[in-house]
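The chain contents come next:
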Amino acid sequence: MEKSKSSFKNRAKILAAICVLALLSLGGTMAYMTDHESAENKFTVGKVDFNLYERNWDGERPDGTYATSSNATASNALGIEQAEDMYAGKEITKDPAIKNNSKNDAYLRMTVKVPVATVSTADRDGNLLNGGQPQETPLFTYDLNPDSGMRLVSPWPVKENGYHIYEYMYTGGGYQEIPVPAGHDIPPLFYTVTFANVVGGQIDENTEFIHVDFKAIQSGGFNGPEDAWRAYDNQSR
């Protein structure tokens, strides 16, 4: 009888040790809930589900469906249609907004990639700038919507492969990065973009357009945004 009890205790200890090892293994391979979207691709993990939409650019709504206009004219056409006939100094509609469709609060970063070229430009009155000498120029400009709740991470853009890249964090109108509440609809980062007043003949039809994308990660389980984005970067490698 004593031998049977001893054998049972040994098996229980072995089983407990296996359970501890299993828990440690799970802790070492934790997959955080993230989301990311751009014009080319999207991936969603867990319950963090954001949607980047541009209602007046291509007609997309917050839920991912699309609206079409039956009475579009040159003045109220979608931005994507206006962009088919670009010219120096033209302003067109582009309004990137984001909806947190998930049940989780999450940190959000938006990225705006502006193509850059070495060109000669003029002011609105046609006067040449920089003495008419070509200089590195962002081909599109925009005004940040103060009601978007987004704020630049750094005032200086990252220069990479012919782009100036600006990163924005969600602050809700304050100064510190905070999570986007579940179900929250963030207003457009901006409403229009303006093509640089480039002196004719310097830009071809293959010029890249301005790009907007985002990334998001759960806020729960982290000690702050720095901790969360560090985990995001490690998981994305």
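Source: prediction; values computed, not measured.

Per the secondary structure count, the protein chain includes three helices and 14 strands. By residue count, 37% of the 237 residues in the protein chain fall in the buried class. Restricting to contacts in the protein chain with at least 6 residues of sequence separation, those with at least 24 account for 67%. Total accessible area computed for the protein chain in this model is approximately 14,400 Å², and 51% of it derives from carbon and sulfur atoms.

With that settled, consider the side chain of glutamate 54. Checked against the element boundaries, glutamate 54 lands in the loop between strand 3 (50–53) and helix 2 (79–82). Overall, glutamate 54 belongs to the buried group, its relative accessible area being 11%. Residues within four places of glutamate 54 in sequence aside, it is in contact with Gly59, Glu60, Lys94, Asp95 and Pro96.

A few words on the pairing of strand 13 (residues 192–195). Residues Val193 and Phe195 of strand 13 are buried on one face, while the alternating residues Thr192 and Thr194, pointing to the opposite face, are not. Strand direction decides the pairing type here: strand 4 (residues 91–93) and strand 13, joined by three bridges, are antiparallel. Note that in strand 13 the partner of glutamate 91 across the bridge is threonine 194. The pairing of strand 8 (residues 140–141) with strand 13 spans two bridges and is antiparallel.

We now examine the pattern of salt bridges. Taken as a whole and judged by the stated rule, the model has six salt bridges. Ionic pairing is found between lysine 94 and glutamate 54, a salt bridge with its closest N-O pair at 2.8 Å. Within this pair, whereas lysine 94 is found in the loop between strand 4 and strand 5 (97–100), its partner glutamate 54 is found in the loop between strand 3 and helix 2, the two being separated by 40 residues in sequence. The salt bridge involving aspartate 227 is made with arginine 230; its shortest N-O contact spans 3.4 Å. With aspartate 227 and arginine 230 both in helix 3 (residues 225–236), this residue pair falls three residues apart, about one helical turn. On the basis of relative accessible area, arginine 230 is assigned to the partly exposed category, the value being 47%. Among the ionic contacts, a cluster of salt bridges with common partners joins Arg109, Glu167, Glu177 and Lys215.

Definitions and cut-offs
- Residues numbered from 1 in each chain as written.
- Predicted model: local features only at pLDDT ≥ 70, side-chain atom pairs only at ≥ 80, totals over all residues.
- Heavy atoms only, no water.
- Helix = DSSP H or I, 4+ residues; strand = E, 2+ residues; numbered from the N terminus.
- Buried < 20%, exposed > 50% of the residue type's maximum accessible area, 1.4 Å probe, protein only.
- Contact = heavy atoms within 4.5 Å.
- Areas by Shrake-Rupley, 256 points an atom, 1.4 Å probe, with all protein chains shown as cover.
- Pairing = 2+ DSSP bridges.
- Salt bridge = Lys/Arg side-chain N within 4 Å of Asp/Glu carboxyl O.

All we've got here are geometric facts, nothing functional implied.
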